[in-house]
Amino acid sequence: MSALNSPSEYALSHVRKLHAYTPGFQPKGTGWVKLNTNENPYPPSPMVDEALKEAMGDALRLYPDPRSMALREAAANLHGLSPDQLIFGNGSDDLLNLLVRAFACEKAAGYLMPSYSLYPVLCGIQNSGVVELPFDRSMELPIDELIELDARILFITSPNAPTGVGFSNEELAKVIEGFDGIVVVDEAYADFAKETAVDLLSRFPNLVVTRTFSKSYGLAGLRLGYAMADPSVVDILDRVRDSYNVNRLTQAGGLAALRDQSYLKAVVGKVKRTRDFYRAEWEALGWFCYPSQSNFLFVEPRNASGETGPEVAQGLFEYFKQRKILVRYFPSSPLTASFLRISVGDEDQMLHVSETISKWLKNA
Ligand SMILES: *Cc1c(COP(=O)(O)O)cnc(C)c1O
């Protein structure tokens, strides 16, 4: 120990340089309108509650099914796939991590900017190279540049975060067909979208589609996600995961949620109606808002003098926060610094947001 100042110096050199992922702020106490991490404002299916109660007690002595087979079968049924095309994990973040672990080490991982900010963090942990491709202000998919990226695995968030813009299967198919490597379409928000890349799985063995229970199913606290892919890719991911990566309660609760598709449809329908209503309302104020296929809106606020920009966006962010409304602000890129990402809340929450915006415009 004598030669070292701190035991942390025994850590791998790339690990010593890491910065941990910063998740959205989780406030303490009550009274917050929490629209900063795209959680569902509505509770999960009541079936989940029942299933969790049933799974409690004596059964918790026993390890869970290491392969989450009941979940694989139920989701295979839902998507018209076979169970060997599915793998479940501790949130879809777990699957994204396994994908980086299995495919990104020797050659780089590619992703777009802005998109889900966890990808670079996972690559850092794995000591993998990264190639970042920026969007332009249109936020449309740069198909030809993506195909040419020198990477082994490509991450495309669709619908994208934080913009909410969804990419069509026609566009995605061009990328998947042209790219020499694995293409992951991260469909965390697909239940709110018009199309799903699941329909492309039969055509492209290099496609992986990931899903989560954290957004549309309202189960962010349970931690459950899955990936759909060619059986040979699933087999690779099965080799690099924790053997018990989905606990017993999560398997039971997730299965109940998956089986209650009518509840899911009702909740998703409500969120989409609220989303489309407020997008129209903010556009009527003269605010630019990307067309959203997700459960959030990415909006460029305009102050009473008609100005937009980073100071305006940050000003409204602070104004909201002082009134216990949490939204997300991404100041680090000029493509995002003039915008706020506002998760779609329930009707009361959104009314409160709307009234707060009116006050902000009057006070300016
Ligand atoms: C929320 C989100 C995830 C995380 O899903 P978990 O299942 O909660 O790990 C993954 N990708 C994107 C784009 C997300 O927005």
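Residues numbered from 1 in each chain as written. Predicted model: local features only at pLDDT ≥ 70, side-chain atom pairs only at ≥ 80, totals over all residues. Heavy atoms only, no water.

Undergrad: Got a minute to help me understand the domain arrangement of the chain in this structure?
TA: Interfaces are often sized by the accessible area lost when the parts come together. When the domains of the chain are assigned, the result is domain 1 (10-43 + 262-363) and domain 2 (46-261). Taking only C-alpha atoms into account, the centre of domain 1 sits 24 Å from that of domain 2. Counting from both sides, the interface comprises 33 residues of domain 1 and, opposite them, 38 residues of domain 2. Regarding the contact of domain 1 and domain 2, the summed buried area is about 2800 Å², with carbon and sulfur atoms giving 60% of it. In terms of surface lost to domain 2, no three residues of domain 1 exceed Tyr-21, Leu-264 and Gln-293, which account for 27% of the buried area on that side. The tally of links between domain 1 and domain 2 comes to one salt bridge. Across the pair Glu-300 and Arg-137 runs a salt bridge, and its minimum N-O distance is 3.1 Å. Between domain 1 and domain 2 we count 16 residue pairs in polar contact (both at pLDDT 80 or more) in total. Looking at the side of domain 1 that touches domain 2, the elements that each hand over two or more residues are helix H10 (261-284) and strand S10 (296-300). Ranked by residues supplied to the side of domain 1 that touches domain 2, first place goes to H10 with nine residues. (Domains from an automatic or database assignment. Contact = heavy atoms within 4.5 Å. Buried area = accessible area lost by both parts, 1.4 Å probe. Salt bridge = Lys/Arg side-chain N within 4 Å of Asp/Glu carboxyl O. Polar contact = N/O pair within 3.5 Å; in protein donor to acceptor, adjacent residues only side chain to side chain. Helix = DSSP H or I, 4+ residues; strand = E, 2+ residues; numbered from the N terminus.)

Undergrad: Can you help me understand unusual backbone geometry in this one?
TA: Most peptide bonds adopt trans geometry, and most residues besides glycine take a negative phi value. Of note, the bond from Met-113 into Pro-114 is cis; its omega dihedral lies within 30 degrees of zero at 0 degrees. Residue position: Pro-114 is located in the loop between strand S3 (109-113) and helix H5 (118-126). The linkage connecting Ala-161 with the following residue, Pro-162, adopts the cis geometry, with an omega of 10 degrees. Located in the positive-phi region is Ser-68, a residue other than glycine, with phi close to 50 degrees. By the element assignment, Ser-68 lies in the loop between helix H2 (46-55) and helix H3 (69-79). For Ser-68, a relative accessible area of 1% gives the class buried. (Buried < 20%, exposed > 50% of the residue type's maximum accessible area, 1.4 Å probe, protein only.)

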